[in-house]
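What the coordinates show
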Amino acid sequence: MILRHLGVEEAILDNVDANNPRANEKSYQGLLEWTRSAGTQGATIRNLCNALRAVNCTEAIEQLSSGDDGARLHGHASLETTV
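Calculation criteria
- Residues numbered from 1 in each chain as written.
- Predicted model: local features only at pLDDT ≥ 70, side-chain atom pairs only at ≥ 80, totals over all residues.
- Heavy atoms only, no water.
- Helix = DSSP H or I, 4+ residues; strand = E, 2+ residues; numbered from the N terminus.
- Expected span 1.5 Å × (residues − 1).
- Bend = angle between axes of the 7 residues up to and from the residue.
- Contact = heavy atoms within 4.5 Å.
- Buried < 20%, exposed > 50% of the residue type's maximum accessible area, 1.4 Å probe, protein only.
- Polar contact = N/O pair within 3.5 Å; in protein donor to acceptor, adjacent residues only side chain to side chain.

1. Some thoughts on unusual backbone geometry
Residues other than glycine seldom take positive phi values, yet N56 does so here, at roughly 60 degrees. Within the secondary structure, N56 is located in the loop between helix 4 (45-54) and helix 5 (58-65).

2. Remarks on helix 3 (residues 23-42)
Over its 20 residues, helix 3 runs only 24 Å from end to end, short of the ideal 28 Å by more than 12%, given 1.5 Å per residue. The sharpest bend along helix 3 reaches about 60 degrees and sits at R36. Elements in contact with the buried residues of helix 3: helix 1 (2-5), helix 2 (10-19) and helix 4.

3. Structural notes on the side chain of T44
Mapped onto the fold, T44 is located in the loop between helix 3 and helix 4. Assessed through its relative accessible area of 6%, T44 is described here as buried. One polar contact links the side chain of T44 to the main-chain amide nitrogen of N47, over a distance of 3.0 Å.

4. So, the environment of V55
Take V55: it is sitting in the loop between helix 4 and helix 5. By relative accessible area, V55 is classed as partly exposed at 29%. Sequence separation between V55 and I2 is 53 residues; the distance between their C-alpha atoms is 6.9 Å. With residues near it in sequence (within four places) discarded, V55 still touches I2 and H5.

The values reported here are purely geometric and, on their own, carry no functional implication.
Set out below in structure tokens:
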């Protein structure tokens, strides 16, 4: 799971899993938890892309690399956009 590669704690993963029955909502809530715990210094596009590479999610990396506004994380204007 990508969130493990991002360093999200198991207890948080368990909570996200238990509270969100739909896969897309689990993903979204998990990424929100990551941005909260990592802060603006750790929740960067670069770190997300590195974790995506680790699990071979190349399509997601392409979306983030495209500069598409929909790829911004949790509205953090200070997120690093260089991949």
